[in-house]
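The residues making up each chain are set out below.
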Amino acid sequence: ARDPEDPQDWHMSALGDPDNWDKDPAVHTATMAISGNNARCGKSPDIVNAIIPYSDDLLLFGGDSNIYRLTGDPMAGGQIDTVSTTTGIAYGQAWCKDPEGIVYFFGSRGGVYAMTPQGEIASLTSNKIERRLQQINLSQSQVKLVWNTREQGVHVFQVPDVNATYQIQTSWFWDKRNNAWYEDEIASERQQVTAVAEIDGDEYDDRVLLLGSEYGKYLWYDPRSSNDWEVGDTTPSKQINSRVVLGPLSHEEAMSSYRYSKIKAELARGQAGLDYSIRTADQAATYANATEAPHGIGRFLSGPNPYVPGTFKGAAVWIKLSNASAGERWSLEALSLTANFAGRKLLKS
């Protein structure tokens, strides 16, 4: 689809014969090749950005502003119906499907959506990371989505245009089990992602997510590794800089300040510890300035930890957890804190 001269047209080969594009054979059958411009159902009403084969009787067209579905074989009474007029799908491989049949896609206006087999669409990024994804320039980068069976979630990768200069790109991962988003970066410019695919082998260790890189090598996530690899290395010697910011944590009473205390964490036994830093601010919408010193720092060890000393006053609090040591991995099992009312916020003139 998306012929430059007719971007709403689509083309389909003969059934089971991808090399057969004869649209006017001597004998017309329901399995012959066909295009939208000579099919009874017609062309896509919108510019075609993506084609999603859903089942043997259902095909989705991701348009520039809308989503349509082709139900049935176009040579046997198939028809095109509207699925959504609120968002389209970004160009290219900006979609994936999980084993339950839910389609995930990057919208043409930004943001990631989930679409059920019944056509119900829900945003996964609204009130979370919507603004960050809306800043992706789709004229200079393609967005690629891939389902990760092992981690049960969706990866969102930015792939710059073939003529662009490669630089470190931010990617995101949505954890379906916790409905949570995580940012991710590959620190080497030579290892930036250019293609993604999940392979499904017979053995458990064969089911991995492959990443094609700018350097011409392919990479994969190894859940057993405590170190990272650099292109050309014969041994994994690079540390993995893992970090997460929990917050803003705030009370529903927006005009009040609170004292946050009794912050306590429990990490998985048998794994490494991690560093923590605590910041507060008078507004939940703005993360405390990273250039200023945090209000509390320390280190959590594996297993249960004692309370963090001191109290921290503000309308909102953030807790950053990080570990950048080679050969170490960590897992957070639980984290809790206590919030006590500390009076009204001071209003600035």
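Above this text is the structure in question.
Predicted, not measured: the structure shown is a model, and the values here were computed from it.

Would you take a moment to explain the sheet that holds strand E3 (residues 48-55) for this structure?
The strands that make up a sheet are held in pairs by hydrogen bonds between backbone atoms, and each pair lies either parallel or antiparallel. Read across the sheet, 4 strands follow the order E3-E4-E5-E6 without closing on themselves; strand pairing throughout is antiparallel. Only two strands of the sheet have a single partner each, and these edge strands are E3 and strand E6 (79-84). Between one strand and the next, the sheet's axes are offset by a mean angle of 25°, whatever the strand orientation. In this structure, strand E4 (residues 58-63) lies alongside strand E5 (residues 67-71), joined through 5 bridges in antiparallel fashion. Residue pairing in the sheet places Leu60 in a bridge with Arg69 of E5.

Just checking my understanding: could you explain the packing of aromatic side chains for this structure?
The relative placement of two aromatic rings is captured by the distance of their centres and the angle of their planes. For the coordinates displayed, the defined rule picks out 7 aromatic pairs. Both rings, one in Tyr104 and one in Trp147, keep their centres 5.8 Å apart while their planes meet at 10°; by these two values the pair is stacked. Taken together, the residues span a long stretch of sequence, with Tyr104 in strand E8 (residues 103-106) and Trp147 in strand E11 (residues 141-148) at a distance of 43 residues. Both residues of the pair, Tyr104 and Trp147, belong to the buried class. With centroids separated by 5.4 Å and ring planes inclined at 15°, the aromatic side chains of Phe105 and Tyr113 adopt a geometry described as stacked. Across the pair, exposure class does not vary: Phe105 and Tyr113 are buried alike. Among the aromatic side chains, those forming a connected cluster through ring pairs are Tyr104, Trp147 and Trp174. Positioned over the ring face of Tyr54 is Lys97, at 4.6 Å from the centre of the ring.

Looking at this structure, I do not really get the pairing of strand E12 (residues 153-160). What am I missing?
A regular strand carries its side chains on alternate faces of the sheet. In terms of burial, E12 is a largely internal element, 8 of the 8 residues being buried. Side chains Gly153, His155, Phe157 and Val159 project from E12 onto one buried face, and the interleaved Val154, Val156, Gln158 and Pro160 project onto a second face that is buried too. Judged from the 8 bridges that link them, E11 and E12 form a sheet pairing that is antiparallel. The residue bridging Leu145 from the neighbouring strand is Val156, located in E12. The hairpin turn running from E11 into E12, its antiparallel successor, is 4 residues long, and Gln152 in that turn takes a positive phi close to 55°. The pairing of E12 with strand E13 (residues 170-175) spans 4 bridges and is classified as antiparallel.

Please explain the sheet that holds E8 as it appears in this structure.
Taken together, 4 strands build an open sheet; the order of strands is E7-E8-E9-E10 and the sheet is antiparallel. Where the open sheet ends on each side, the last strands, each with one partner, are strand E7 (95-97) and strand E10 (121-123). Adjacent strand axes in the sheet meet at a mean angle of 20° when their direction is disregarded. In this sheet, E10 lies alongside strand E9 (residues 112-115) in antiparallel orientation, the contact comprising 3 bridges. Note on E10: the bridge partner recorded for Met115 is Ile121.

So what exactly am I meant to see when it comes to the environment of Leu267 here?
Relative to the helices and strands, Leu267 resides in strand E19 (residues 256-267). You can call Leu267 buried: its relative accessible area is 1%. C-alpha separation for the pair Leu267 and Ser331, spaced 64 residues apart in sequence, amounts to 5.7 Å. Discounting chain neighbours no more than four positions away, the residues touching Leu267 are Ala272, Gly273, Leu274, Phe300, Leu301, Ser302, Gly303, Asn305, Ser331, Leu332 and Glu333.

About the cut-offs
- Residues numbered from 1 in each chain as written.
- Predicted model: local features only at pLDDT ≥ 70, side-chain atom pairs only at ≥ 80, totals over all residues.
- Heavy atoms only, no water.
- Pairing = 2+ DSSP bridges.
- Helix = DSSP H or I, 4+ residues; strand = E, 2+ residues; numbered from the N terminus.
- Axes fitted to C-alpha atoms, helices over the stretch in contact; angles between N-to-C directions.
- Phe/Tyr/Trp six-rings, centres within 6.5 Å; stacked < 30°, edge-to-face > 60°.
- Buried < 20%, exposed > 50% of the residue type's maximum accessible area, 1.4 Å probe, protein only.
- Lys NZ or Arg CZ within 6 Å of the ring centre and 35° of its normal.
- Contact = heavy atoms within 4.5 Å.

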